[in-house]
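# Close look at the chain arrangement
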Amino acid sequence: MFNELVSYFESINPVWAALYAGLFTWFLTALGAASVFVFRNPNKKLLDGMLGFTGGVMVAASFWSLLAPAIEMSSGEGFTKVIPASVGFALGALFLFGLDKILPHLHLNHPISKTEGVKTKTPWQKTTLLVLAITLHNIPEGLAVGVLFGGVAAGIPEATIAGALTLAIGIGLQNMPEGLAVSFPLRRMGMSKSKSFMYGQSSALVEPVSAVIGALAVGFFTPVLPYALAFAAGAMIFVVIEEVVPETQQGDNTDIATLGFVGGFIIMMMLDVALG
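Residues numbered from 1 in each chain as written. Predicted model: local features only at pLDDT ≥ 70, side-chain atom pairs only at ≥ 80, totals over all residues. Heavy atoms only, no water.

### Considerations on the overall build of the protein chain
Assigned secondary structure in the protein chain consists of 10 helices and zero strands. The order of helices and strands in the protein chain, counted from the N terminus, is α-α-α-α-α-α-α-α-α-α. Within the protein chain, buried positions represent 50% of all 276 residues. Pairs at least 24 apart in sequence give 80% of the contacts found in the protein chain among residues at least 6 apart. As presented, the protein chain carries roughly 12500 Å² of accessible surface, and 71% of it is formed by carbon and sulfur atoms. (Helix = DSSP H or I, 4+ residues; strand = E, 2+ residues; numbered from the N terminus. Buried < 20%, exposed > 50% of the residue type's maximum accessible area, 1.4 Å probe, protein only. Contact = heavy atoms within 4.5 Å. Areas by Shrake-Rupley, 256 points an atom, 1.4 Å probe, with all protein chains shown as cover.)

Structure below.
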């Protein structure tokens, strides 16, 4: 099945492939958000475990799918070889840091008084702030997928369709709990099931867009690929440390969240090594 999928994606334009992969990751977010129609109120332990799983997948993907190939395709030896990855990683983290300081958003389970970003004259609704927080989370994920497909388009040996698809599958898996993590808090705030679902899935609409942007950018500027891969990794790690990990450590389920993180890391590592 996976080999057939690889063969199909090899037969189409990598930019279109990036779009399809981004739509796939969005679809799984929507699938997670749709659980609001099935379950009344999911167990908090389950939610924390799934959020930990999300963090584990993102950390593993950052290294196995992004940083390691970035270092491998860089020229030179010793410290010279890791400069592109180091610079790109730092820029990716700083990019998300800047967005975090500018874009108004609210992390899950936080009161409206904890809104981050630029303060506006007219206070934004809590629902909008929650969706923007998850949208920030999804930008680097879409970029990561797109950058790998862009590397394929540029003919970089270290960038493969199999690796890009593996990353998309891993990100898609961890997107399901993200959709759930948005739709259920909105439902508990009194929003209808339909609206909760719509807001939950809309947080990932940025992924296919950023995937196409990443693929096009690398296609036009091939030498930046190591920097671009590391950039996506740095942005993802920033999200994990600034948002995902703190969220999992707020309640009484820290052990479950930690085990979820370990499980997510192992699964993404296995997917990348076995399939990528």
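### A few points about the packing of aromatic side chains
Within the structure shown, the criterion is met by seven aromatic pairs. The structure contains a cluster of three or more aromatic residues connected by ring pairs, namely Tyr8, Phe9 and Phe149. (Phe/Tyr/Trp six-rings, centres within 6.5 Å; stacked < 30°, edge-to-face > 60°.)

### Describing helix H9 (residues 225-248)
For H9, spanning 24 residues, the distance from its first C-alpha to its last is 33 Å, which sits close to the expected 34 Å at 1.5 Å a residue. Helix geometry: H9 is bent most strongly at valine 240, by close to 40°. Counted residue by residue, H9 has 17 buried out of 24 residues, so it is predominantly covered. (Expected span 1.5 Å × (residues − 1). Bend = angle between axes of the 7 residues up to and from the residue.)

### A short note on the packing of helix H2 (residues 14-33) against helix H7 (residues 193-202)
Two elements in contact, H2 and H7, have axes separated by 8 Å at closest approach and are oriented at 150°. When the axes of H2 and H7 are compared, the pair comes out roughly antiparallel. Between H2 and H7 the crossing geometry is right-handed. Only Phe197, Gly200 and Gln201 of H7 make contact with H2, whose side of the interface consists of Trp26, Thr29, Ala30 and Ala33. Residue composition of the contact of H2 with H7, grouped by class: four nonpolar, three polar and no charged. (Axes fitted to C-alpha atoms, helices over the stretch in contact; angles between N-to-C directions. Parallel < 35°, antiparallel > 145°, perpendicular 65-115°, else oblique. Left-handed = near helix turned anticlockwise from the far one by under 90°. Nonpolar A, V, L, I, M, F, W, Y, C, P; charged D, E, K, R; others polar.)

### Describing a nonpolar patch on the surface
A cluster of nonpolar side chains, contributed by Ile83, Val87, Leu91, Leu94, Phe97, Leu216, Phe220, Phe221, Val224 and Tyr227, occupies part of the molecular surface with about 950 Å² of accessible area. Elements with a contribution of two residues or more to the nonpolar patch: helix H4 (79-102) and helix H8 (206-220). The greatest single-element share of the nonpolar patch, amounting to five residues, is contributed by H4. Along the chain, phenylalanine 220 falls in helix H8. By relative accessible area, which is 67% here, phenylalanine 220 ends up exposed. (Patch = residues over 30% accessible without salt bridge, like charges linked within 9 Å, V, L, I, M, F, W, Y side chains within 5 Å. Salt bridge = Lys/Arg side-chain N within 4 Å of Asp/Glu carboxyl O.)

### With respect to the nonpolar core
Grouped together as the largest cluster of nonpolar side chains are 50 residues, with contacts concentrated most on Leu66, Val145, Phe149, Leu165, Leu167, Leu225 and Leu229. Those elements that provide at least two residues to this core are helix H1 (2-10), H2, helix H3 (44-72), H4, helix H5 (126-153), helix H6 (161-188), H8 and H9. For this core, the element with the highest residue contribution is H9, accounting for 12 residues. Those residues in contact with leucine 167 that lie beyond four places of it in its chain are Ala61, Ser65, Leu66, Ala144, Val145, Leu148 and Met268. Formed by five residues, the second largest nonpolar core is a distinct cluster that contains Val131, Val182, Leu186 and Met191. (Core = buried A, V, L, I, M, F, W, Y, C linked by side-chain atoms within 4.5 Å.)

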